[in-house]
Every structure is written in C-alpha cells, then in structure tokens.
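Residue-level listing of the chains:
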Amino acid sequence: MMSAAASARAILTRLHDVMATRMHAQGKLDAVVDIIGTSLDSEVCSVYLLRDGMLELFATRGLNQSAVHVTRMALGEGLTGTIAANNEMLNLAEAKAHPDFLYLPETGEDKFHSYAGVPIVYRTRAVGVLCVQHVDPRRYEDVEIEALQTTAMVLSELIANAELVDEEEARGLSEGHTGTQSLSGLTLVKGLAAGHAVFHQPRVQIEQVMAEDIELERQRVYRAFDKMREQIDSMASQAEFGVGGEHEEVLQTYKMFAYDEGWSRRINEAIDSGLTAEAAIERVQQHTRLRMREIDDPLLADRMHDLEDLANRLLRIVSGQLGTAASQGLRRDAILIARNLGPAELLEYDRRRLKGVILEEGSLTAHVVIVARAMGVPVLGRAQGLRGFIREGDEILLDADAALATIRPSTAVAEAFDDRFAKSRERQAAYAELRDVEPVTKCGTRIEVMMNAGLRDDMSSLALTGADGVGLFRTEFQFLVSATLPQRERQTRLYRDVLDAAGDKPVIFRTVDIGGDKPVTYLKSEEAQHDENPAMGWRALRLALEREGLMKIQARSLIEAAGGRTLHVMFPMVSEPWEFDAAKAVFEEQLVFLKGQKKMLPEAIHYGAMLEVPALAEVLDLLLPKLSFLSIGTNDLTQFLFAADRANPKLAERYDWLSAPIMRFLQRVERNTNGSGVSLGVCGEMGGRQLEAMALLGIGIRRLSITPAAIAPIKDLVRQIDLGELEKAVTGWLADPSNNLRESLTAWASDQGIDIA
Ligand code: PEP
Ligand code: MG
C-alpha cells in the first residue's frame, strides 16, 4: 500500500498534469472531478463555484450531467451551501441525517449516503465547494479529507488564473451572505468609526500550490522555521509582546508550538506530497483547525489562535511577505484588528485612514491605548474570538461608546449607526463651542484644564480645544517612533516647535519614560532585557539616571529649546527624593555648561515630579520643599496601589479608580500637599473621564491634564459644578465608603442636574 504522502503526491502529480495542459478551465474542472472521484473511490465528485451570488454546479462526476450549470443554491442552503457560508468542511457518514441536508432531484443524488466537502477558498473567502459522495455510509479518512483540501487549493489557483470567480463577487460574499455579526468588548477609547477590517499582521496570499522542486521547498521551510524560532526567542523584548499581562503565557505557547516536532514533520510530509512550502503550511493548518474544532474546548480554542498566529508568521517568513499592514499602507478607511499592539506600531499607521482599532487584549491605561486616545481613534478591547469571524476587508461599524462592533452590517444596522454618528458629530460641534469658554465652576473657581501630548502633531489640539497648556508632554514618544536614538538636534527642534506652538501657554515636559510597556529596541540595557516585571523594573528615571548621557542630552536640548522662555521639567517614576535631586542636578549642570557657552538660557526653570510610586507619598514632607509642582500619574499609581499590571487585559475591569483605596490615597496626598505652595495636578487617564474628574475635584484637585478629546467634556462638567456641595458629598462618602462611590456620584450628579455624557 502506498504511504499517505505518496498517494497524495500521486494525486497532485495528476492534478499538476491537468493544470499544465492548454485545456480551457471547464475541461480542467471536469478532469479534476474525475481524478478525485477515482482516487477517493467515490461515485460522486463535484465542484460548485460562486456565480452571481449563488453556488452553481460547475463540474461533476456521478451526478446527472444535465444538472451542470443548472443546479444552483444559495449560500447557507443545503450541505454545500453550508460549507461555503461557514467556510468549514463537513464529513458525514449519513448526509440525510444532517439538519441542513437538502435533496435536489435534478442531480439524482438520492442513492448516496456519505458526503464530504471542503470550501474552495480564494483570498480568505469561500468561493466554492469541492465535495465527494459515496453509496456506502462511511466517514472519509483524514488522508482523504487532506487530499480534498489540497485539491481545493489547486482549484483556487485555477480559479484565480482563469478568473472563474469574479473578485468583486468574492469580496461581496462578506456583505449579507455570511451575515451580520456583532462583537462586544471593553471600551478603551470612546468614539464611533466605520471602515474596512485590516489585520495588523496580514494573512498571506498563497500564489503557488504545487511544488516544482520538492527539495527546494523543504529547504525553504527549514530556513523559515529557524528564523521563526529565532524571532520567538527574542520576542520578549518586542513591543508586541512586551506589554505584560498574558504575554508570558502566550510566549510559552508560541515556544511550545515553534519547537513542536510534530508540526514541522506534518509540514514536511505535506511537502513530500508535492506542495510548495506555503501550501504545505496552510494545508497542515487547515487540518489542525478542523481537529481543534471537533474537540470544542474553549481553552484549546485559545491555543488555536496562538498556533494560527504562528502559522501565519511562518507563512510570512517563507513567502517573504513581511511587514505589518502599516508598511503596506492603508488604502481606504480602516479598522485595525490585532491581538495587541505597541504604541510605536500604532503610530506607524496613516492617521487619516486609521478610523478605529479592535484588540483582542488591551486595557485602559496601556500606552497603545493612550496613544490611540491622543490620536482620537476609538478602540474596542478585549474583543475575544474576533479572528473567528472577521475577515480582511469586512465592513465594520465600531461603536466604542457602546463597547460594540458590527461586522458586515445590514442596511438597517448601518442606518441606525449613521444616526448615532450624526448625533455624535453634533455633540462634537457643541463641544467645539466650548473652546474659548473658561472652565470656571458654578461657584466661581477657575479649574486648570490642560492637555496631554507627545508628538508635534498633537500641538494643533491646543488651539482646537482651548486647553490651558500641556500638562504632560511625553517626550519618549519621539524615541518610540524613531528607529535610532534621536540626536540632540532633533530633540531640540521638537521641543522648540512644541514651545512655539504653545505660545504663551505652559508646557510641562516629562523626561523620557522608556521601559515598561514602552520598550525601545535600540536602547536595551542589560538589566531591562532580563526584567521579569518591566513596569516595576528598569524604566523611566531609573534608566535615565543610569544612562546619564541620555539624560544630559535631553536636558541640554530642553534648556536650549526654552532659551528666553520658561521651562517646565517633570521627572517620571520618582520613588525617593534623592532621585529627584540627581535628575535636577543633571539639568543644573547643563545650565552651567550652556551658560559658559554663552547660549541663551531659559528665563526660569520649574522642576516638578510625578507621583506614581506610592512610596513617594510617605515622604512628601521631604520632597515638597524641592518642587514647584507635583503631578499625580494615576495610571502607574493605581497599578502599584492595587498590584495590578495596567496592561493586563484580565485586570482591565477589575479595580475601579473610584474605589476607596485610590480615592483615599489621593485625598491624603492632596491634604499633605495643600498649603505647601506646590501646585498639585493629576495627569493620568482618570482625569479625562467625567465621573472620575468629578471625584478628583471633590477631593480638592484643581488641575487636570487630560487627553485632548476629553477637554471639552471636562470643561462642560466643571461649569456645572458647585465645589462646596461636591466636596461635602465626596468627603462624606470617603469617610464612610460603604457605598459604591461610582453609584453615589452618578446619583448625586443626576440630582444636581449635571449632565454626564
Ligand atoms: C501615569 O502613569 O499616570 C502617567 C501619566 O504616565 P504614563 O501613562 O505615560 O505612564
Ligand atoms: Mg506613568
């Protein structure tokens, strides 16, 4: 008996011969059904292809020939229609027992019992079905199903070359036919957006199925495996995976699969059967997908996603189709789909075309989300299982306000969405009117509402929102988007441009906060590479003080850029007062140096610190006399207070900013700072949310620095508040936090007639 690979190769050789002839496409299809029918010892073998939205019988052996080009069925109709609609194979011993079975009298198929069919996939969509039927009730063997899948791949190549299926039609499949689906998740950045699905890691298009030279294909796949394993081994430090949380688990699974001998052996066997490296990887993947589906275990399904990722990575390496969707450019309005992203990866996309992002993971304070928020791009996170039903190019309506995305929307859904979109634009227009309105409370207190920024482009938001200045300029963004360490001239130019754009308004420059979930590949320190816990590791000021050169250059750039103006500098992640002293000393030293160089110096330098590490709150009495301002970074602070990784999607919804531990902590910091002459503000994401901002005002915070999109809603809120009343209420709740603060605040706001958007 022939081995499975040898018999598969025999089939492939025969298919190859047919494809190589000059026969027209119909003749080739007729020959293919004959070859498969005989090889699989099946009375019937048929090919259905999509034409005008219907599946049409294009070729058959065993059914009535008069049914060819006559029998047609809709997607989802009968077994064949079900395979195409679901893009899934069927293998049935008794076809009639399946609920979707449909008897078509003109074909004469009543005498057949068993049925197996596989989708013919073109550009990720099922554009047809290849099926076999047998008089005996038997389930087809694995090797037979594999032969069908291989043949389906060959057919898809034929279809592409002979243009048997209209490409537009293949695309059109997504509209209506496979149906509207909705996907829920967690709102990470509010907003509405419409666009077409673009996978951050695009699927590879297999151009050639049959190998010309098997040995060559084997070498290609060996090399690709080596490269993939190398990548996995060094992945821990990449943005894609360096975001904490589940990445360890994912990496372990990746490693397990990448080194799995069984996987590489099966790919090799598929190459033995005559497939190209790409086709072999895909064939094995199809097979695994099937097996996993049959097992129907949610844990395994998760692992399947990992294997899919990896198989796609292997395909991209072997085919040379490297690069993310960003490097290929966005051609139309896009909704980006990814497991997770690093901030730098997001910044590579064309801002005009990138309308929304859907992540399988993600959390509110992950840096990629902060960047998206600054870009005004809505983000839906924790959208699990999305790869199961979103396909490249699908139309998507993203309603991040409602934590929902609709894929392939029906007309009715699209119309309802348009209405909401129009309303949201109206609200934006109303907010635009608040631009020149000062954020003064009902009782007459002026609140400072500043904006967070990180890129030159962000500065246009200052004028658009009427913010009081930039309360947090994340200087590390320039480092994140550069391939190499930004030189002094480039840094100076950026800081100068930012100050020019700000005019009279203050800009608080935060010195680089790299490390943690903002790794930069060109600046890896030995320690950072081995950080098991990057958020608590060698990052921010810790790293900057070690790399004194880095800090010196930044200090010099900032001082030079601020020549003749006031410079505000803030240090991140100060954990003990001496770190502030050491950082300030670097600036003072540069000041002396530049003075010696007769450079124009700033009129004044105001130094501040971020309060992100809880320990610092215990030594405020020592620190405050050194500062002119203190800014609470609630993103990091809360992760440390609750010991909950800010980037871990599993913890994304677990702890509330409006919980007693956080609010009482902030209240204590405010009380201890009050009267010290040091100006206190909050620059974490918390301050940009209306209810949270209300709570902060209620404990005495008078300066908020927030994402540009939140400026107008917060100004709107401030103007409706009576601070005396609010402070009384919040202080009361915090003294006795048995009530849920979020609920109490919501009810209070509603009693006061305060509008929370
Ligand atoms: C914070 O931690 O709250 C903060 C503002 O800094 P970043 O989000 O950049 O870490
Ligand atoms: Mg921080």
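Please read these numbers as outputs of a predicted model, since none were measured by experiment.

Chemist: Help me get a handle on the packing of helix α27 (residues 690–698) against helix α28 (residues 708–718), residues and values and all.
Modeler: Following both chains from N to C, one finds α27 and α28 inclined at 50°, their axes separated by 10 Å at the closest point. Classified by the interaxial angle, the pair formed by α27 and α28 is oblique. By crossing handedness, the relation of α27 to α28 is classed as right-handed. Residue-level contacts link Gln690, Ala693, Met694 and Leu697 of α27 to Pro713, Ile714, Leu717 and Val718 of α28. Its residues assigned to classes, the contact of α27 with α28 comprises seven nonpolar, one polar and no charged.

Chemist: Tell me what's going on with the packing of aromatic side chains, and back it up with residues and numbers.
Modeler: Using the criterion set out here, one finds nine aromatic pairs in the structure. Residues Phe225 and Trp263 carry aromatic rings whose centres are separated by 5.4 Å and whose planes lie at 75° to one another, so their mutual orientation is edge-to-face. Of this pair, Phe225 sits in helix α6 (residues 214–234) while Trp263 sits in helix α8 (residues 261–272), and the two are 38 residues apart along the sequence. Trp263 matches Phe225 in its accessibility class, with the two residues each being buried. One aromatic cluster is present, formed by Phe571, Phe580, Phe587 and Tyr607 through successive ring pairs. One Lys or Arg, Arg138, reaches over the ring of Tyr140 and ends 4.3 Å from the middle of that ring.

Chemist: An account of the coordination of the magnesium ion (ligand 2) is requested, with residue identities and associated values reported.
Modeler: Looking at the magnesium ion (ligand 2), one finds its protein donor set to be Glu612 (OE) and Asp636 (OD), positioned 1.9 to 2.0 Å from the metal centre. Remark: Asp636 occurs in helix α25 (residues 634–641) and Glu612 occurs in the loop between β19 (604–611) and α23 (614–617); sequence separation between them is 24 residues. Judged by relative accessible area, which is 2%, Asp636 ranks as buried.

Reading the values: rules and limits
- Per chain, the residues get numbers from 1 upward, laid out in the order the sequence is written.
- Starting at A for chains and at 1 for ligands, labels are handed out in the order in which the entities are written.
- With pLDDT at 70 or above as the cut-off, local features in this predicted model cover only qualifying residues; side-chain atom pairs require 80 or more to be listed or tallied, and sums for whole chains, interfaces and linings still use all residues.
- For the side-chain quantities, the full set of heavy atoms in the structure was used; hydrogens and water were omitted.
- Axes here refer to lines fitted to C-alpha atoms; in helices the fit is confined to the stretch in contact. Angles between the N-to-C directions go from 0 to 180 degrees.
- Strands are runs of DSSP state E lasting at least 2 residues, helices are runs of H or I lasting at least 4, and numbering of each runs from the N terminus.
- Here is the rule for angles: anything less than 35 degrees is roughly parallel, anything more than 145 is roughly antiparallel, 65 through 115 is roughly perpendicular, and the remaining ranges are oblique.
- In a left-handed crossing the near helix is turned counterclockwise from the far helix by less than a right angle, and in a right-handed crossing that turn is clockwise.
- Residue contacts are counted whenever heavy atoms from the two residues lie within 4.5 Å of one another.
- Here the term charged refers only to Asp, Glu, Lys and Arg, the term nonpolar to Ala, Val, Leu, Ile, Met, Phe, Trp, Tyr, Cys and Pro, and the term polar to all other amino acids, Gly among them.
- To pair, rings of Phe, Tyr and Trp, with the six-membered ring standing in for Trp, must have centres within 6.5 Å; the planes then decide the type, stacked if under 30 degrees apart, edge-to-face if over 60, and tilted in the middle.
- Burial classes follow relative accessibility: with a 1.4 Å probe on protein chains only, a residue under 20% of its type's maximum area counts as buried, one over 50% as exposed, and anything between as partly exposed.
- Geometrically, a lysine NZ or arginine CZ counts as sitting over a ring once it is within 6 Å of the ring centre and also within 35 degrees of the ring normal.
- Coordinating donors are taken as N, O and S atoms within 2.8 Å of the metal, stretched to 3.2 Å for Na, K and Ca; because water is absent from the atoms, sites can appear incomplete.

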